[in-house]
Amino acid sequence: MNFTFRPLDPLGDAELLHGWVTHPKAAFWMMQDAKLEDVERAYMEIAADEHHEALLGLLGGEPAFLMERYDPAHRELAGLYEPEPGDVGMHFLVPATDTPVHGFTRAVITAVVAHLFEDPATARIVVEPDVRNKAVHALNEAVGFAPEREIQKPEKRALLSFCTRERFERAVAA
C-alpha cells in the first residue's frame, strides 16, 4: 500500500477525526466523550506546539489514518525516561471500519515508522501505549519495537518501548 502524509488541518479535519477518536474501538485514544469542539481544540493545540505534530496518512488521496510525532523530551514522556538525541515519539490511530482489510494496520504502522526514519536525525522511535493494548504491542513488535519497562503516566500505565532504525530494517526485511 502506498501511503502519503499531509499535515492535519485542525478545523477542516475535525469532523472526520471526531468520528475516529470517539468510536468505541478507539478507547485507548482516550477521547471517547470528546465533542467536536474538544477535538478541534486538542488538534489546534498540537498545531501550535513546536514539539508536537499531527499528520493524516492518505491512501489514494483519502484520509486513512492519523499519526502524531512528538519530542519525548518535551511532551508525553518528559521526566519519565532518559531521552537520547534523535528520540522521536509517535502515536497512530487507524479508524474503525465495517470492512477491515487484512494486514492494513500493520501496513500503516510500517509506513508510519518508515516515514519517521526518513528524517536522518531520527535515531530511535519511542512509544508508550497502554499496557492493556495487546494488539498494538504485537504490531509494535512486528516492526521492531522492543519493550523496555512499564511506566506510570498521569492518564495510564504504559509500556515504554523503543525502535532503532536497525531493528526496524531487520523486522521489515524478515
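Residues numbered from 1 in each chain as written. Predicted model: local features only at pLDDT ≥ 70, side-chain atom pairs only at ≥ 80, totals over all residues. Heavy atoms only, no water.

1. Let's talk about the side chain of His91
Phase 1: If you trace the backbone, His91 turns up in strand E4 (residues 87-93).
Phase 2: For His91, the side chain forms a polar contact with the side chain of Glu128, separated by 2.6 Å.
Phase 3: Those residues in contact with His91 that lie beyond four places of it in its chain are Trp29, Leu66, Met67, Glu68, Tyr70, Glu76 and Glu128. (Helix = DSSP H or I, 4+ residues; strand = E, 2+ residues; numbered from the N terminus. Polar contact = N/O pair within 3.5 Å; in protein donor to acceptor, adjacent residues only side chain to side chain. Contact = heavy atoms within 4.5 Å.)

2. Looking at the packing of helix H3 (residues 104-117) against helix H5 (residues 165-173)
Phase 1: Contact pair H3 / H5: the axes reach a minimum separation of 11 Å and the direction vectors enclose 140 degrees. Considering how the two elements wind past one another, H3 and H5 form a crossing that is left-handed. Here H3 contributes Thr110, Val113, Ala114 and Phe117 to the contact with H5, which in turn contributes Arg165, Phe168 and Val172.
Phase 2: Considering only residue class, the contact of H3 with H5 consists of 5 nonpolar, 1 polar and 1 charged. (Axes fitted to C-alpha atoms, helices over the stretch in contact; angles between N-to-C directions. Left-handed = near helix turned anticlockwise from the far one by under 90°. Nonpolar A, V, L, I, M, F, W, Y, C, P; charged D, E, K, R; others polar.)

3. Quick notes on the pairing of strand E6 (residues 146-152)
Phase 1: Looking at chain direction, E6 and strand E7 (residues 157-164) are connected through 6 bridges and run antiparallel. Counterpart to Arg149 in the pairing with E7 is Leu160.
Phase 2: With antiparallel pairing between neighbouring strands as the criterion, E6 and E7 make up a hairpin whose turn holds 4 residues. (Pairing = 2+ DSSP bridges.)

4. Considering the environment of Asn140
Phase 1: Turning to its location among the elements, Asn140 is positioned in helix H4 (residues 134-142).
Phase 2: With a relative accessible area of 4%, Asn140 lands in the buried category.
Phase 3: For the pair Asn140 and Ile109, spaced 31 residues apart in sequence, the C-alpha to C-alpha distance is 7.7 Å. (Buried < 20%, exposed > 50% of the residue type's maximum accessible area, 1.4 Å probe, protein only.)

5. What to know about the sheet that holds strand E1 (residues 3-7)
Phase 1: If you walk across this open sheet you meet the 7 strands as E1-E2-E3-E4-E5-E7-E6, and the pairing is mixed. Of all strands in the sheet, those with a lone pairing partner are E1 and E6, marking the two edges. When the angles between neighbouring strand axes are averaged without regard to direction, this sheet yields 30 degrees.

6. With respect to the environment of Ala42
Phase 1: Counting through the fold element by element, Ala42 comes out in helix H2 (residues 36-47).
Phase 2: Residue class for Ala42 comes out partly exposed when judged on its relative accessible area of 24%.
Phase 3: Along the backbone, Ala42 and Glu84 are 42 residues apart, and their C-alpha atoms lie at a distance of 27 Å.

7. Some points on the confidence of the model for the protein
Phase 1: With 100% of its residues at a pLDDT of 70 or more, the protein shows a mean pLDDT of 93.
Phase 2: Across the protein, the secondary-structure element scoring lowest on mean pLDDT is H2, at 92, and the one scoring highest is strand E5 (residues 124-127), at 97. (pLDDT = per-residue confidence, 0-100.)

8. Examining the packing of aromatic side chains
Phase 1: As enumerated under the stated definition, the model contains 5 aromatic pairs in all.
Phase 2: Between Phe3 and Phe65 the ring centres are 5.2 Å apart and the planes differ by 85 degrees, which places this aromatic pair in the edge-to-face class. In this pair, Phe3 sits in strand E1 while Phe65 sits in strand E3 (residues 62-70), placing the two residues 62 residues apart along the sequence. In this pair, the class of Phe3 matches that of Phe65, namely buried.
Phase 3: Ring plane angle 80 degrees and centroid distance 5.8 Å describe the contact between Phe5 and Phe65, whose orientation is recorded as edge-to-face. Taken together, the residues span a long stretch of sequence, with Phe5 in strand E1 and Phe65 in strand E3 at a distance of 60 residues.
Phase 4: A relative accessible area of 0% means that Phe65 is categorised as buried.
Phase 5: Linked through ring pairs, Phe3, Phe5, Phe65 and Phe104 together constitute an aromatic cluster. (Phe/Tyr/Trp six-rings, centres within 6.5 Å; stacked < 30°, edge-to-face > 60°.)

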